[in-house]
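# Observations on chain architecture
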Amino acid sequence: MAETITGSASCYSSATPGRAIVQIRGNHIVTDDPAQPAYYGGPGEAAGSLELFLGGITSCAVLML
């Protein structure tokens with residue numbers, strides 16, 4: 001019988017507009033809204049949510065190989 005893989009993460013706003021902190025177990029990852037286009041209003045210095053999502057998908061694929 002196969003084991004079920006589970007995971008969890010939480011996220012909270014930081015004091016910087018357009019920036020959030022993701023917490024996964026004991027790890028903290030900073031994520032930003034993009035700086036451009038201007039209507040996002042984020043600092044754009046850290047990885048964005050799209051980049052973090054793509055990183056998760058690609059790391060899953062690499063680890064499965």
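Located above this text is the structure these notes cover.
Since we're looking at a predicted model, the values are computed, not measured. (Residues numbered from 1 in each chain as written. Predicted model: local features only at pLDDT ≥ 70, side-chain atom pairs only at ≥ 80, totals over all residues. Heavy atoms only, no water.)

## A short note on the pairing of strand E3 (residues 27-32)
The condition that has to hold: Pairing between two strands is assigned when DSSP locates at least 2 bridges connecting them. Where helices and strands are cited, they refer to DSSP runs of H or I of at least four residues and of E of at least two residues respectively, numbered from the N terminus.
Sheet topology note: the strand E2 (residues 19-24)/E3 ladder contains 6 bridges and is antiparallel. By the bridge assignment for E3, Val22 is matched with Ile29. The turn linking E2 back onto E3 is made up of 2 residues, and Arg25 within it adopts a positive phi angle of 50 degrees.

## Structural notes on the packing of aromatic side chains
Rules: Side-chain rings of Phe, Tyr and Trp, where Trp is taken by its six-membered ring, are said to pair if the distance between their centres is within 6.5 Å; with planes under 30 degrees apart they count as stacked, over 60 as edge-to-face, and otherwise as tilted. Type-normalised accessible area, obtained with a 1.4 Å probe on protein chains alone, sets the label of each residue: buried when under 20%, exposed when over 50%, and partly exposed for intermediate values.
Summed over the entire model, instances satisfying the criterion amount to 1 aromatic pair. Seen from their ring centres, Tyr39 and Tyr40 are 4.9 Å apart, and the 35 degrees between their planes marks the pair as tilted. A relative accessible area of 67% places Tyr39 in the exposed class. By relative accessible area, Tyr40 is classed as partly exposed at 41%.

## Topic: a nonpolar patch on the surface
We apply this condition: In this scheme, patches are assembled from residues that exceed 30% relative accessible area and form no salt bridge. Like charges are connected within 9 Å, while nonpolar side chains (Val, Leu, Ile, Met, Phe, Trp, Tyr) are connected within 5 Å. Note on areas: Shrake-Rupley, 1.4 Å probe, and residue coverage restricted to the protein chains presented here. Here a salt bridge means any side-chain nitrogen of Lys or Arg lying within 4 Å of a carboxyl oxygen belonging to Asp or Glu.
A surface patch of nonpolar side chains, amounting to about 420 Å² of accessible area, comprises Leu50, Phe53, Leu54 and Ile57. As for its position among the elements, Leu50 is in helix H1 (residues 49-64).

## Some details on the pattern of salt bridges
For the coordinates displayed, the defined rule picks out 2 salt bridges. Where Arg19 meets Asp32, a salt bridge forms, and the shortest distance between an N and an O atom there is 2.6 Å. Of this pair, Arg19 sits in strand E2 while Asp32 is found in strand E3, placing the two residues 13 residues apart along the sequence. Across the pair, exposure class does not vary: Arg19 and Asp32 are buried alike. Salt bridges here are not isolated pairs; linked through shared partners, they connect Arg19, Asp32 and Glu45.

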